[in-house]
Amino acid sequence: MWSSDNTISGGVRCKLTIELKQKGHKIKGTLTSLNSIPNEVEQLNTFLIAGDAFDNYVDLEYRSDNKKTIGRGSLLFKIKDGGSKLEGSLVAIDRYTMNIMSSNNIIAIRQ
């Protein structure tokens, strides 16, 4: 399990928990996101993850596990410090503005 605490577009504080299972180069798992939006109630969302690991990189796509909400995006991480840290970027559909958003410098630490 990896965890991350970042501020993304619009000043949204995003606490991520990433749980992955790997079989060969294939990866599956879940992404849990606790979003703190200024002047709003915190929102907890869960996403399904699928992707690949290759040459010290992890390429993941995620989608909401709830068909009533929009939630899709991609994460590309570089594996650092022997797998104890993932560093990379996020590209996703912003569920509030319905625009494409990106965030760099996402750092997830293995727990």
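Thresholds, definitions, all that
Residues numbered from 1 in each chain as written. Predicted model: local features only at pLDDT ≥ 70, side-chain atom pairs only at ≥ 80, totals over all residues. Heavy atoms only, no water. 1 Å grid on protein atoms, 1.4 Å probe; cavity = no way out; pocket = protein on both sides within 12 Å on 5 of 7 lines; lining within 4 Å. Points joined across faces, edges and corners; volume = space filled by probe spheres on them. Helix = DSSP H or I, 4+ residues; strand = E, 2+ residues; numbered from the N terminus. Nonpolar A, V, L, I, M, F, W, Y, C, P; charged D, E, K, R; others polar. Pairing = 2+ DSSP bridges. Axes fitted to C-alpha atoms, helices over the stretch in contact; angles between N-to-C directions. Core = buried A, V, L, I, M, F, W, Y, C linked by side-chain atoms within 4.5 Å. Buried < 20%, exposed > 50% of the residue type's maximum accessible area, 1.4 Å probe, protein only. Contact = heavy atoms within 4.5 Å.

A. Local environment of empty space enclosed by the protein. Inspection of the entire model under this criterion finds one cavity of 30 Å³ or more. There is about 300 Å³ of room inside the largest cavity. Along the walls of the largest cavity sit 21 residues, with Ile8, Ser33, Asn35, Tyr62 and Ile93 positioned nearest its centre. Every element with two or more residues in the lining of the largest cavity is listed here: strand 2 (12-23), strand 3 (26-36), strand 4 (43-54), strand 6 (72-80) and strand 7 (85-93). Of the residues that constitute the lining of the largest cavity, the class distribution is 13 nonpolar, five polar and three charged.

B. A look at the sheet that holds strand 8 (residues 100-110). Around the barrel, eight strands lie side by side as 1-2-3-4-5-6-7-8; this closed barrel has antiparallel pairing. This sheet shows a mean twist of 25 degrees between the axes of neighbouring strands, independent of strand direction. Where strand 7 lies against strand 8, eight bridges are found, and the strand directions are antiparallel. Note on strand 8: the bridge partner recorded for Leu86 is Ala108.

C. Quick peek at the nonpolar core. Ile18, Leu31, Leu60, Tyr62, Leu75, Phe77 and Leu90 are the most contacted members of the largest nonpolar core, which has 23 residues in total. Looking at this core, the elements that each hand over two or more residues are strand 1 (2-8), strand 2, strand 3, strand 4, strand 5 (57-64), strand 6, strand 7 and strand 8. Discounting chain neighbours no more than four positions away, the residues touching Leu90 are Tyr62, Ser74, Leu75, Met101, Ser102, Ser103 and Ile106.

D. Representation of the layout of surface pockets within the structure. In this structure, the largest pocket occupies an estimated 160 Å³ of space. In this structure, the largest pocket is lined by Trp2, Leu20, Lys21, Gln22, Ile27, Ala53, Val58, Ile79, Gly83, Leu86 and Arg110. Of the residues forming the lining of the largest pocket, the biggest block, three residues, is contributed by strand 2. Grouping the constituent residues of the lining of the largest pocket by class yields seven nonpolar, two polar and two charged.

E. Broad picture of the environment of Thr69. Position of Thr69 among the secondary structure elements: in the loop between strand 5 and strand 6. Overall, Thr69 belongs to the partly exposed group, its relative accessible area being 32%. Taking the C-alpha atoms as reference, Thr69 lies 18 Å from Glu40; in sequence the two are 29 residues apart. Beyond its immediate stretch of four places on either side in the chain, Thr69 contacts Ser64 and Arg95.

Functional significance is not addressed by these values, which are geometric in nature.
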